[in-house]
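# Analysis of the macromolecular model
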Amino acid sequence: MGLFSANTPKRVTKEEWERITENLYGKLDERERNLLEMFFRADLFEPNSEYGITQSEFSAGMEWLRQNMRRHDFEESDLDLIEQQFAEHLKD
C-alpha cells in the first residue's frame with residue numbers, strides 16, 4: 001500500500017484529533033481527555049504512511065474500552081460521545 005494509493009484507509013490525523021479533543025472539551029474532564037490521548041497515542045503518531053487512527057484501530061480500541069470498564073474512568077455515555085466524534089472523521 002503506497003503513500004498515494006487509493007487503498008489507503010481513512011484516518012484521524014493529528015489535526016482532526018485536535019478538533020475532536022476541542023469538541024470533547026467540557027464534556028470530558030482533562031483527566032479523561034488525557035487518558036483518551038494516551039490510549040490512542042501509538043496509533044496517532046505511527047511513523048511514515050501508517051500515521052493516524054484508522055477505523056479498525058479505533059474500533060479495536062473502543063471494543064477494549066467497552067469490555068474493560070473497570071480498568072479506566074470512562075462511563076458508557078463518555079464512550080458513546082467519543083464514538084460520535086470519531087465517526088464524523090472516519091466515515092468515507
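First things first, this report covers the structure right here in the doc.

Parameters and conventions
Residues numbered from 1 in each chain as written. Predicted model: local features only at pLDDT ≥ 70, side-chain atom pairs only at ≥ 80, totals over all residues. Heavy atoms only, no water. Axes fitted to C-alpha atoms, helices over the stretch in contact; angles between N-to-C directions. Helix = DSSP H or I, 4+ residues; strand = E, 2+ residues; numbered from the N terminus. Parallel < 35°, antiparallel > 145°, perpendicular 65-115°, else oblique. Left-handed = near helix turned anticlockwise from the far one by under 90°. Contact = heavy atoms within 4.5 Å. Nonpolar A, V, L, I, M, F, W, Y, C, P; charged D, E, K, R; others polar.

### What about the packing of helix α2 (residues 30-44) against helix α3 (residues 55-67)?
For any two helices packed against each other, one specifies the inter-axial angle together with the distance between the axes. Viewed as axis vectors pointing N to C, α2 and α3 meet at an angle of 155 degrees, and their least axial separation amounts to 11 Å. Considering the angle they form, α2 stands roughly antiparallel to α3. Both α2 and α3 take part in a crossing whose hand is right-handed. On the side of α2, the interface is formed by Phe-39, Phe-40 and Asp-43, while α3 contributes Glu-57, Phe-58, Gly-61, Met-62, Trp-64 and Leu-65.

### Observations regarding the packing of helix α1 (residues 14-24) against helix α4 (residues 76-90)
Relative orientation of the contacting elements α1 and α4 amounts to 145 degrees, with a least axis distance of 10 Å. For α1 against α4, the interelement crossing comes out right-handed. Contacts from Glu-16, Trp-17, Arg-19, Ile-20, Asn-23 and Leu-24 in α1 reach Leu-81, Ile-82, Gln-85, Phe-86 and His-89 in α4. Its residues assigned to classes, the contact of α1 with α4 comprises six nonpolar, three polar and two charged.

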